[in-house]
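One-letter residues, chain by chain:
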Amino acid sequence: MTSLITQYLDLQTLTVIFAAIAAGATVLTLAMPLMVTDTLGKRMKAVALEREKIRQRERERMAHGNKISLRQSPKVYMKRAVDNFNLTKWVGMEEARAMLMQAGFRGQAPYVTYLFFRMTMPVVMLLASLFYIFLIIDLDYPPMLKIAISIGCAYLGMHSPNLFLKNKIQRRQVSIKRAFPDALDLLLICVESGMSIEAAFRKVSEEVGTQSVALAEEFTLTTAELSYLPDRRQAYENLAQRTGLEGVKAVCLALQQSERYGTPLATTLRVLAQENRDMRMSEAEKKAAGLPPKLTVPMIVFFLPVLFVVILGPAAIRVMALQ
């Protein structure tokens, strides 16, 4: 066994093994671009076919006189609990509706669901923590400390719906922020070609859907609001409130000024598109600048031990062989 270990720990054998691993990794790296297939055409074709199926199905439903509901109705037991406990008064918040809109949830059903989970999550977390602490693991702590831990879990459960919404809003805003400069360029092209702002929003919402579904949804809603709201400025304000992004707010303000004072829209959109692109680049540079401090701990934990083994390994092997 000792001779076998010595044979496998020989410097020449280790060099051959690491060289083979490096050669295999190099070949795999060079072959990866050749193995990647472009599935965008297939996906676009599948989306087009699915869209036609949906349209055909909706035409059949309308032909048979079925009622189509664009808003979801809240669950009966959730609605009953919210009404019985008057959660709209005790738990409801005005900023909760704004957070729900920014997260992409619209209508009364998401608000009722939010209030229901805001009430039930503390109770569920409290009972679950009490059952786990007192019966499952049986911690050797004083009872008051166990109860305090359970109360902390209940407090965490009370704020868990807000944490979920903030996470959803953050992901949605990142998706919108990445696609917004390109959407502004498309909007500028549509406006300079002579389209109205409603037609431009509709066209951009159709084209930008492959890059950001959230932004396409917001532009579609803005197109609908521009069509039926008596005050067009309200549609732009709603778009700014639903997104919560400074770049979108600046564009909405420029569109409101164009509606009110008749200022040229193409020049404003060109400048704002460049500003949003510069903003996106500055955020990428900020993340790149913050990368070295974040890599310090992984390098100390994972890279330095391996480096020490590679450098000091042959010397240790020779010392062990001499002994």
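Since we're looking at a predicted model, the values are computed, not measured. (Residues numbered from 1 in each chain as written. Predicted model: local features only at pLDDT ≥ 70, side-chain atom pairs only at ≥ 80, totals over all residues. Heavy atoms only, no water.)

Visitor: Go over the environment of Cys190 with me, naming the residues and quoting the values.
Guide: The residue Cys190 is located in helix α8 (residues 143-192) in this model. The spacing of Cys190 and Phe201 is 11 residues in sequence and 8.6 Å in space, taken between C-alpha atoms. Those residues in contact with Cys190 that sit more than four places away from it in its chain are Met195, Ala200, Lys203 and Val204. (Helix = DSSP H or I, 4+ residues; strand = E, 2+ residues; numbered from the N terminus. Contact = heavy atoms within 4.5 Å.)

Visitor: Lay out empty space enclosed by the protein in plain terms, naming residues and giving numbers.
Guide: On inspection of all chains with the given rule, the structure shows 1 cavity of 30 Å³ or more. Of the pockets and cavities examined, the largest cavity occupies roughly 40 Å³. Lining the largest cavity, in full, are Phe180, Leu184, Leu187, Phe201, Phe219, Leu239, Val248, Val251, Cys252 and Leu255. Elements that contribute at least two residues to the lining of the largest cavity include exactly α8 and α12 (246-261). Sort the elements by how many residues they give to the lining of the largest cavity and α12 lands first, with 4 residues. Of the residues belonging to the lining of the largest cavity, the class tally is 10 nonpolar, no polar and no charged. (1 Å grid on protein atoms, 1.4 Å probe; cavity = no way out; pocket = protein on both sides within 12 Å on 5 of 7 lines; lining within 4 Å. Points joined across faces, edges and corners; volume = space filled by probe spheres on them. Nonpolar A, V, L, I, M, F, W, Y, C, P; charged D, E, K, R; others polar.)

Visitor: Outline the pattern of salt bridges, listing residues and values.
Guide: Counted under the stated rule, the structure contains 12 salt bridges. Its salt-bridge partner being Arg172, residue Glu218 comes within 2.6 Å of it at the nearest N-O pair. One end of the pair, Glu218, is in helix α10 (residues 213-228); the other, Arg172, is in helix α8, with 46 residues separating them in the sequence. Each member of the pair, Glu218 as well as Arg172, is classed as buried. (Salt bridge = Lys/Arg side-chain N within 4 Å of Asp/Glu carboxyl O. Buried < 20%, exposed > 50% of the residue type's maximum accessible area, 1.4 Å probe, protein only.)

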